[in-house]
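These are the residues of each chain, in order.
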Amino acid sequence: MDNANHKAQLEIRDPIHGAILLSPEEIQIVDSPYVQRLRGIKQTGFAELAFPGATHVRYSHSLGAFFLAGKIFNIIFKDFEWKDEEERKRFRFALRIAALLHDVGHGPLSHAAEAAMPPRSEVLGEGEGQATHEDYTEAIILRSSLTEKLKSVFGKDFPLAVASIIVVRLTIVSTPL
């Protein structure tokens, strides 16, 4: 088991994936207000008006993405020769946290609210056109209290590494993970 070396873990029982184990470091990010607010963000917008069973939220979606990212990492890198165990753990953390945070920029009713978002330049300080949830996600990861939490838990370059996994146009120009 990948989290076996951690002293304390949290197990979240997911109806699709079963037990999702979180390390103490990951718990700090899941417990952040930015992730917890996803409990109230609808995954399917207005769909539940026509389909009363379509009541999915971004929180459970993000936890599922987080879990699957870890499984995929374990499969893809099973035979990869890492410099050391610490390097492997940091890359796995980066992928899992990126999957967890990929939707933190969504507004109420998910994509249905994007038409009401301000210009991209107001969210990112640059760029043209209307902002998207991806722009808000980038801003939250790189310029919010979550940024400081990511830095304190995983290191100063971690927020940029996570954002670079989510937002393709970003590149890491500082030290690698």
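Residues numbered from 1 in each chain as written. Predicted model: local features only at pLDDT ≥ 70, side-chain atom pairs only at ≥ 80, totals over all residues. Heavy atoms only, no water.

1. Some thoughts on the nonpolar core
1) Next: Grouped together as the largest cluster of nonpolar side chains are 29 residues, with contacts concentrated most on Ile29, Ile97, Leu100, Leu101, Leu150, Phe154 and Phe158.
2) Next: Counting residues per element, the ones that place at least two in this core are strand S2 (18–22), helix H1 (24–30), helix H4 (58–76), helix H5 (85–101), helix H7 (133–142), helix H8 (145–154) and helix H9 (158–166).
3) Next: The element that contributes the greatest number of residues to this core is H5, accounting for six residues.
4) Next: When sequence neighbours within four positions are dropped, the list of residues in contact with Ile29 reads Val35, Ile97, Leu100, Leu101, Leu146, Lys149, Leu150 and Phe154.
5) Next: The next biggest cluster of nonpolar side chains, apart from the first, holds five residues, and it includes Val123, Leu124, Ala131 and Ala139. (Core = buried A, V, L, I, M, F, W, Y, C linked by side-chain atoms within 4.5 Å. Buried < 20%, exposed > 50% of the residue type's maximum accessible area, 1.4 Å probe, protein only. Helix = DSSP H or I, 4+ residues; strand = E, 2+ residues; numbered from the N terminus. Contact = heavy atoms within 4.5 Å.)

2. What to know about the packing of aromatic side chains
Given two aromatic rings, their pairing is described by the distance between the two centres and the angle made by the two planes.
1) Next: Within the structure shown, the criterion is met by eight aromatic pairs.
2) Next: Arranged with centres 5.8 Å apart and planes meeting at 20 degrees, the rings of Phe73 and Trp82 form a pair that is stacked.
3) Next: By relative accessible area, which is 4% here, Phe73 ends up buried.
4) Next: What makes Trp82 buried here is its relative accessible area of 18%. (Phe/Tyr/Trp six-rings, centres within 6.5 Å; stacked < 30°, edge-to-face > 60°.)

3. Comments concerning H8
1) Next: Turning to H8, its buried residues are Leu146, Thr147, Leu150, Val153 and Phe154. Buried residues along H8 cover an arc of 140 degrees about the axis, so they all sit on one side. Set apart from the buried face of H8 by more than 90 degrees, the exposed residues are Ser145 and Ser152.
2) Next: Taken together, the buried residues of H8 touch H1, helix H2 (33–36), H5, H7 and H9.
3) Next: For H8, the N-terminal capping position is held by Ser144, with its side-chain oxygen 3.0 Å away from the main-chain nitrogen of Leu146.
4) Next: Immediately beyond the C-terminal end of H8, within one or two residues, lies Gly155, with a positive phi of roughly 120 degrees. (Arc of directions from axis to C-beta. Polar contact = N/O pair within 3.5 Å; in protein donor to acceptor, adjacent residues only side chain to side chain.)

4. Some thoughts on the packing of H7 against H8
1) Next: Running from amino to carboxyl end, H7 crosses H8 at an angle of 55 degrees, the nearest separation of the two axes being 5 Å. Here H7 lies oblique to H8, going by the angle between them. Counting all contacts with H7, which are made through Ile140, Ile141 and Leu142, the residues of H8 involved are Leu146, Thr147 and Leu150.
2) Next: Broken down by class, the residue content of the contact of H7 with H8 amounts to five nonpolar, one polar and no charged. (Axes fitted to C-alpha atoms, helices over the stretch in contact; angles between N-to-C directions. Parallel < 35°, antiparallel > 145°, perpendicular 65-115°, else oblique. Nonpolar A, V, L, I, M, F, W, Y, C, P; charged D, E, K, R; others polar.)

5. Observations concerning the pattern of salt bridges
1) Next: Tallied over the full model, the rule gives eight salt bridges.
2) Next: The partner of Arg96 in a salt bridge is Glu26, and the shortest N-O contact between them spans 2.8 Å. With Arg96 in helix H5 and Glu26 in helix H1, this residue pair connects regions lying 70 residues apart in the sequence.
3) Next: For Arg96, a relative accessible area of 3% puts it in the buried group. (Salt bridge = Lys/Arg side-chain N within 4 Å of Asp/Glu carboxyl O.)

6. Structural notes on the packing of H5 against H8
1) Next: Where H5 meets H8, the axes come as close as 13 Å, and the angle between the chain directions of the two elements is 160 degrees. Comparing their axes, H8 and H5 come out roughly antiparallel. Between H5 and H8 lies a crossing whose hand is right-handed. From H5, Arg90, Phe93, Ile97 and Leu101 reach across to H8, where they touch Leu146, Leu150 and Phe154.
2) Next: Considering only residue class, the contact of H5 with H8 consists of six nonpolar, no polar and one charged. (Left-handed = near helix turned anticlockwise from the far one by under 90°.)

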